[in-house]
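Here is how the chains run, residue by residue.
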Amino acid sequence: MRATSVDDQPATAITPKSYEEQQMTGNDDIISPGITNRWPVRRADIFQEPEIYATLRSEAPIVRATFPSGKEGWILTRYDDVRAIGRDKRVSSNQANPGFPHAYQGHSTTLATGSLMGMDAPTHTEQRRMILSFFSDARVQSYRTQIEEFVDRLIEEVRVLPQPVDLVEAYALRVPTWLSGLIFGVPASMYDVIIDRTAVRVSYTASPKKMQQATDDLQAVIAELIAMKRAEPQDDLFSFIVQQHDAGLLSHKDTTDMMQLLIVGGHESTANAIALSILALLENPDQLEALRADRSLLKNAIEELLRYATTNQTIFGRVATDDIELHGQTIKKGEGIRALILSANRDESMFPNAGRLDIRRDAKRHLAFGFGPHVCIGQGYARLELEVALWAAITRLPNLRLAVPHDELAVRWDAGVHGLDSLPALWDMADAC
Ligand code: HEM
């Protein structure tokens, strides 16, 4: 049973440590019933949640926090609460709300405000429905053969590269780049700019100036894409979106914001999930061997890897549109909320022994894709990419292993989408098949 010591305590705000200070200390000394904490909190290790989360879940499941934008709001850490807020009708995702809990220092309210993620019903429902057929199971599966063939060629190229090989750059990033290019109809030549500027966009620490520059660059590429799709429409998602715009069903801003979100959303999270899944398996050899020996475990293993790696640390911000009572606290109308997916996916009441990777566990209720009306629209593609890319990596690179000790891995500590900058790996060439 959980302790609920926070429930009756008054909120007494303190001056928190600086964000940098907490990044240095790992923030493990901020136990916080009723006080204001800085969020985000750094993880002690790649696959560990910040230590404070377990304490918060058990003692203070809702606490006040200051976000990188300087705004104050609330963080939620328990599985049930994170799931519930995802479908709560008393919250808004609109970034224009003054209390919006921006996770990035550089976020301005002009950034992709027209994208699905930052919209509320009924506009959100209409626009999501508009593009939903491109994300149906049938549509996703229609790409299976093509992605299998692509990964087949890619792994052959990767296999013979001079080692060590960085599997993030040579492999994990290339899969979503290629597939998104196909689904959206984005030429590979535009992806360099998109990848580079996206990395700035998802950094917690990029300055407002750098963030704005990255946004401007992305919008310029998108303007170019729109012109291209108008001139030569194909059977791809972006041609369809431009047609909706030209039919008067989407504003110019909604069109560019939607494209921007789709590119960003489909790229970084998936690449990181592929790289982290490979790493997680390499670091759990018993699980790796079990999976290699029995492909029927793959689908279940992917759910567990999505839970275990949890690339997106939080669902998008929400703002209360009414007072919300939770565990004896009141989230007041207008206040921001961050529901922490990483913490929810480590909630022992839902996933016993949650810090352990267990590819046989029933993990399908994980919240890696969020929950509710904004649940990840691209999850079918993400699963397909993981399935094909992961299987090829663990079966086609004999004796696959890390080229550096765990502690030397380059982790993206400063980004909302958790991942690795690089994954240097080695394998045996002699018996490569
Ligand atoms: C492992 C890979 C991925 C992860 C972990 C992930 C995770 C998420 C999460 C946590 C949300 C927010 C849910 C919320 O705020 O309630 C989201 C939304 C979204 N994702 Fe993904 N995602 C992944 C891959 C993709 C892909 C491949 C695409 C596109 C092809 C995509 C497109 C989107 C879009 C458009 C939204 C906004 C949906 C809405 O607001 O209605 N994602 N994703």
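Residues numbered from 1 in each chain as written. Predicted model: local features only at pLDDT ≥ 70, side-chain atom pairs only at ≥ 80, totals over all residues. Heavy atoms only, no water.

### Considerations on the overall build of the protein
Logical step 1: Across its full length, the protein carries 16 helices and 11 strands.
Logical step 2: Split into buried and exposed, the 433 residues of the protein put 57% on the buried side.
Logical step 3: Across the protein, the fraction of contacts at a sequence separation of at least 24, relative to all contacts at a separation of at least 6, is 72%.
Logical step 4: When the accessible surface of the protein is summed, it comes to about 17,600 Å², and 52% of that surface belongs to carbon and sulfur atoms. (Helix = DSSP H or I, 4+ residues; strand = E, 2+ residues; numbered from the N terminus. Buried < 20%, exposed > 50% of the residue type's maximum accessible area, 1.4 Å probe, protein only. Contact = heavy atoms within 4.5 Å. Areas by Shrake-Rupley, 256 points an atom, 1.4 Å probe, with all protein chains shown as cover.)

### As for the nonpolar core
Logical step 1: Leu167, Tyr171, Phe238, Ile278 and Leu420 are the most contacted members of the largest nonpolar core, which totals 92 residues.
Logical step 2: For this core, the element with the most residues is helix α12 (residues 252-282), which contributes 16 residues.
Logical step 3: Within the second largest apolar cluster, 19 residues are counted, among which are Ile62, Trp74, Ala339 and Leu367. (Core = buried A, V, L, I, M, F, W, Y, C linked by side-chain atoms within 4.5 Å.)

### Brief notes about the packing of helix α14 (residues 298-309) against helix α16 (residues 379-396)
Logical step 1: The interhelical angle for the contact between α14 and α16, taken along N-to-C directions, is 110°, at an axis separation of 10 Å. Considering the angle they form, α14 stands roughly perpendicular to α16. Across the interface between the two elements, Leu298, Lys299, Ile302, Glu303, Leu305 and Leu306 from α14 touch Arg383, Leu386, Glu387, Leu390 and Trp391 from α16.
Logical step 2: Residue composition of the contact of α14 with α16, by class: 7 nonpolar, no polar and 4 charged. (Axes fitted to C-alpha atoms, helices over the stretch in contact; angles between N-to-C directions. Parallel < 35°, antiparallel > 145°, perpendicular 65-115°, else oblique. Nonpolar A, V, L, I, M, F, W, Y, C, P; charged D, E, K, R; others polar.)

### A closer look at the side chain of Asp81
Logical step 1: As for its position among the elements, Asp81 is in helix α3 (residues 79-86).
Logical step 2: Despite its burial, Asp81 pairs with no opposite charge; the closest candidate is Arg78, at 5.1 Å N-O.
Logical step 3: In this view, Asp81 contacts Pro61, Leu76, Leu326 and His327; residues no more than four positions away in its chain are not counted. (Lys, Arg positive; Asp, Glu negative; His and termini not counted. Salt bridge = Lys/Arg side-chain N within 4 Å of Asp/Glu carboxyl O.)

### Some thoughts on the sheet that holds strand β11 (residues 424-426)
Logical step 1: With respect to topology, 3 strands assemble into an open sheet ordered β5-β11-β10, the strand pairing being antiparallel. Whereas interior strands pair on both sides, the edge strands pair on one side only; in this sheet they are β5 (165-166) and β10 (401-402).
Logical step 2: Relative to β11, β5 runs antiparallel, the two sharing 2 bridges. Paired with Asp166 across the strands is Pro424, a residue of β11. (Pairing = 2+ DSSP bridges.)

### Focus: the packing of α12 against α16
Logical step 1: In contact at an axis separation of 10 Å, α12 and α16 are set at 40° when each is read in the N-to-C sense. As summarised for this structure, α12 and α16 are arranged oblique, according to the angle between their axes. Crossing angle aside, the handedness with which α12 passes α16 is right-handed. Contacts from Thr270, Ala273, Ile274, Ser277, Ile278 and Leu281 in α12 reach Ala382, Glu385, Leu386, Ala389, Leu390, Ala393 and Ile394 in α16.
Logical step 2: Tallied by class, residues from the contact of α12 with α16 come to 10 nonpolar, 2 polar and 1 charged. (Left-handed = near helix turned anticlockwise from the far one by under 90°.)

### A look at the confidence of the model for the protein
Logical step 1: With 86% of its residues at a pLDDT of at least 70, the protein reaches an overall mean of 86.
Logical step 2: The low-confidence segment residues 1-34, where pLDDT is below 50, has 69 contacts with residues more than four positions distant or belonging to other chains.
Logical step 3: Segment residues 107-111 is flagged for pLDDT under 50; beyond a separation of four residues in sequence, or across chains, it makes 14 contacts in the model. (pLDDT = per-residue confidence, 0-100.)

### A word on the site of the ligand
Logical step 1: For the ligand, the set of nearby residues contains 29 residues, the closest of which are His124, Arg128, Arg318, His374 and Cys376.
Logical step 2: Arg128 places a polar side-chain atom, nitrogen or oxygen, 2.7 Å from an oxygen atom of the ligand.
Logical step 3: For the shell around the ligand, the secondary structure elements donating two or more residues are α4 (123-131) and α12.
Logical step 4: A total of 7 residues in the shell around the ligand trace back to one element, the largest contributor, which is α12.
Logical step 5: Here the residues of the shell around the ligand are counted per class, giving 17 nonpolar, 10 polar and 2 charged. (Near = heavy atom within 4 Å. Polar contact = N/O pair within 3.5 Å; in protein donor to acceptor, adjacent residues only side chain to side chain.)

### Some details on the layout of surface pockets
Logical step 1: Roughly 240 Å³ of volume is contained in the largest pocket.
Logical step 2: Lining the largest pocket are 15 residues; nearest its centre among them are Asp88, Lys89, Val91, Ala121 and Pro373.
Logical step 3: Secondary structure elements with two or more residues in the lining of the largest pocket: β4 (91-92) and α4. (1 Å grid on protein atoms, 1.4 Å probe; cavity = no way out; pocket = protein on both sides within 12 Å on 5 of 7 lines; lining within 4 Å. Points joined across faces, edges and corners; volume = space filled by probe spheres on them.)

### With respect to the pattern of salt bridges
Logical step 1: Under the criterion given, the structure shown has 26 salt bridges.
Logical step 2: The closest approach of N and O atoms between Arg57 and Glu49, which form a salt bridge, is 2.8 Å.
Logical step 3: Its relative accessible area of 12% is what places Glu49 among the buried residues.
Logical step 4: Linking Asp217 and Arg197 is a salt bridge whose minimum nitrogen-to-oxygen distance equals 2.5 Å. Note that Asp217 is positioned in helix α10 (residues 208-231) and Arg197 in helix α9 (residues 188-201), a separation of 20 residues in sequence.
Logical step 5: Salt bridges sharing partners connect three or more residues here, namely Arg144, Glu148, Arg295, Lys299 and Glu387.

### Topic: the packing of aromatic side chains
Logical step 1: By the definition in use, this model includes 9 aromatic pairs.
Logical step 2: On the numbers, 6.1 Å between centres and 70° between planes, the contact of Trp39 with Phe67 is edge-to-face. Note that Trp39 is positioned in the loop between β1 (36-38) and α2 (51-59) and Phe67 in the loop between β2 (62-66) and β3 (72-76), a separation of 28 residues in sequence.
Logical step 3: Ring geometry for Phe135 and Tyr381: centres 5.7 Å apart, planes at 80°, overall edge-to-face. With Phe135 in the loop between α4 and α5 (137-141) and Tyr381 in helix α16, this pair connects stretches of sequence that are 246 residues apart. In terms of burial, Phe135 and Tyr381 fall into one category: buried.
Logical step 4: Note that Arg64 overlies the ring of Trp74, its terminal NZ or CZ placed 4.8 Å from the centroid.
Logical step 5: Sitting above the plane of the Phe351 ring, Arg307 keeps its charged end 5.3 Å from the centroid. (Phe/Tyr/Trp six-rings, centres within 6.5 Å; stacked < 30°, edge-to-face > 60°. Lys NZ or Arg CZ within 6 Å of the ring centre and 35° of its normal.)

### Description of α3
Logical step 1: Within α3, 6 of the 8 residues are buried, which leaves it mostly tucked inside the rest of the structure.
Logical step 2: Three or more residues of α3 are buried, namely Tyr79, Asp81, Val82, Arg83, Ile85 and Gly86.
Logical step 3: On its buried side, α3 packs onto β3, β4, β6 (318-320), β7 (324-326), β9 (336-339) and α15 (341-344).

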